[in-house]
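Spelled out from the first residue to the last, the chains are:
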Amino acid sequence: MLTIDSVTKIFGEPATGYRALKDVSIEVPEGEFLCLLGPSGCGKTTLMNIMAGFEGINGGRVLLHGRPVTGPGRDRMMFFQDAGSALFPWQTVEENVQYGLKLQRIPAAERRRRVDFNLSMVGLDEHRRKFPAQLSGGMRQRLQIARGLAVDPDILLMDEPFGALDAMSKRRMQGFLLDIWQRTGKTIVFVTHDIAEAILLADRIAVMSVGPDSRFRDIVTIEIPRPRDPSSPGFGEVYAQIERLLGHDLDRHEG
Ligand SMILES: Nc1ncnc2c1ncn2[C@@H]1O[C@H](COP(=O)(O)OP(=O)(O)OP(=O)(O)O)[C@@H](O)[C@H]1O
Ligand SMILES: [Mg+2]
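Below, the structure is looked at part by part. The shown structure was predicted, so the numbers you read here are calculated from the model rather than taken from an experiment. (Residues numbered from 1 in each chain as written. Chains lettered and ligands numbered in written order. Predicted model: local features only at pLDDT ≥ 70, side-chain atom pairs only at ≥ 80, totals over all residues. Heavy atoms only, no water.)

Let's shift gears to the pattern of salt bridges. Side-chain pairs of opposite charge can arise whenever the charged atoms involved come near each other. The full count for this structure, using the stated rule, is 15 salt bridges. In this structure, the salt-bridge partner of Glu32 is Arg204, at a minimum N-O distance of 2.7 Å. Note that Glu32 is positioned in the loop between strand S2 (18–28) and strand S3 (33–37) and Arg204 in strand S9 (residues 204–208), a separation of 172 residues in sequence. For the pair Glu32 and Arg204, a shared accessibility class is recorded, and that class is buried. In this structure, a network of salt bridges that share partners links the residues Glu94, Asp116, Asp125, Arg128 and Arg129. (Salt bridge = Lys/Arg side-chain N within 4 Å of Asp/Glu carboxyl O. Helix = DSSP H or I, 4+ residues; strand = E, 2+ residues; numbered from the N terminus. Buried < 20%, exposed > 50% of the residue type's maximum accessible area, 1.4 Å probe, protein only.)

What follows is the structure in structure tokens.
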């Protein structure tokens, strides 16, 4: 469904600029939950921006349904860590969800149906007349997700969406996202630098190396059946395996 083929990205002049990504390749099948994992600055956001069509490339190809990605499109929806800044503070919860539907000129009855459906899916039904400032951080994230799902994209591109949440809210949101993913069958590309989060969520984890010339160090398939238990031995083994993959880079990064 989504093809990243030998993608190279240089910021600035090709000869002198920063070589962020080098020959990055992956094939993401429909319905997959893919996590991009790697240390800060390795190019996760850059790769997401490329998939979203916000950022051009210096080599390789990005194909969606076999067609080159040349810019942003309705088939992809980007979700950000800071839900608050992605939402309109002057609009209520339901108006925020309606917004993209109005842009797409979806008729009023269908708009109402999608607003109701998605607000109840994220459990914000009873909060529909509140404003974003009146919600908790986790609720704002759920609103961002409802708003994104309402326009029915094929792929959800999520850049550390739970990075700013406390441990308990984060755990709840992970369960919630897995539930939505299983119910909708959407394809999800999810960026994190939290190893446990990646193992909990992903079908596959693409482990990135530090830049310059960042690439996929390895792509690990997570075979642990769901629901996954972080305290199980199998989970711990995968954790250690991925920590080893990251280890060298992390030492350099934090040293
Ligand atoms: N517009 C830009 N111009 C120049 N360099 C950039 C630009 N955007 C990103 N970079 C560089 O590209 C590299 C990758 O950045 P990116 O934001 O993709 O990292 P990341 O993996 O998302 O990091 P984090 O985990 O901290 O969010 C970094 O070295 C960064 O400095
Ligand atoms: Mg980033």
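Around ligand 1, the neighbouring residues are Phe11, Tyr18, Pro39, Ser40, Gly41, Cys42, Gly43, Lys44, Thr45, Thr46, Glu160 and His193. In this structure, an oxygen atom belonging to ligand 1 sits 2.5 Å away from a side-chain N or O atom of Ser40. Relative to its unbound accessible area of 640 Å², ligand 1 is 58% covered by the protein chains. Considering each element in turn, the shell around ligand 1 owes the most residues, three residues, to helix H1 (residues 44–52). The residue makeup of the shell around ligand 1, split by class, is four nonpolar, six polar and two charged. (Near = heavy atom within 4 Å. Polar contact = N/O pair within 3.5 Å; in protein donor to acceptor, adjacent residues only side chain to side chain. Areas by Shrake-Rupley, 256 points an atom, 1.4 Å probe, with all protein chains shown as cover. Nonpolar A, V, L, I, M, F, W, Y, C, P; charged D, E, K, R; others polar.)

Another aspect to go through is the layout of surface pockets. Estimated volume of the largest pocket: approximately 470 Å³. Breaking the lining of the largest pocket down by element, the ones donating at least two residues are strand S6 (76–79), helix H3 (93–103) and helix H5 (137–150). Looking at the lining of the largest pocket element by element, the count peaks at four residues for S6. Class assignment of the residues belonging to the lining of the largest pocket gives a composition of eleven nonpolar, five polar and three charged. Summarising the domain contributions, the lining of the largest pocket has at least three residues from each of domain 1 (1–75 + 155–222) and domain 2 (83–152). There is about 160 Å³ of room inside the second largest pocket. Along the walls of the second largest pocket sit Arg113, Arg114, Phe117, Asn118, Met121, Leu149, Ala150, Asp152, Thr184 and Lys186, which together make up its complete lining. Only helix H4 (108–121) and H5 provide two or more residues apiece to the lining of the second largest pocket. (1 Å grid on protein atoms, 1.4 Å probe; cavity = no way out; pocket = protein on both sides within 12 Å on 5 of 7 lines; lining within 4 Å. Points joined across faces, edges and corners; volume = space filled by probe spheres on them. Domains from an automatic or database assignment.)

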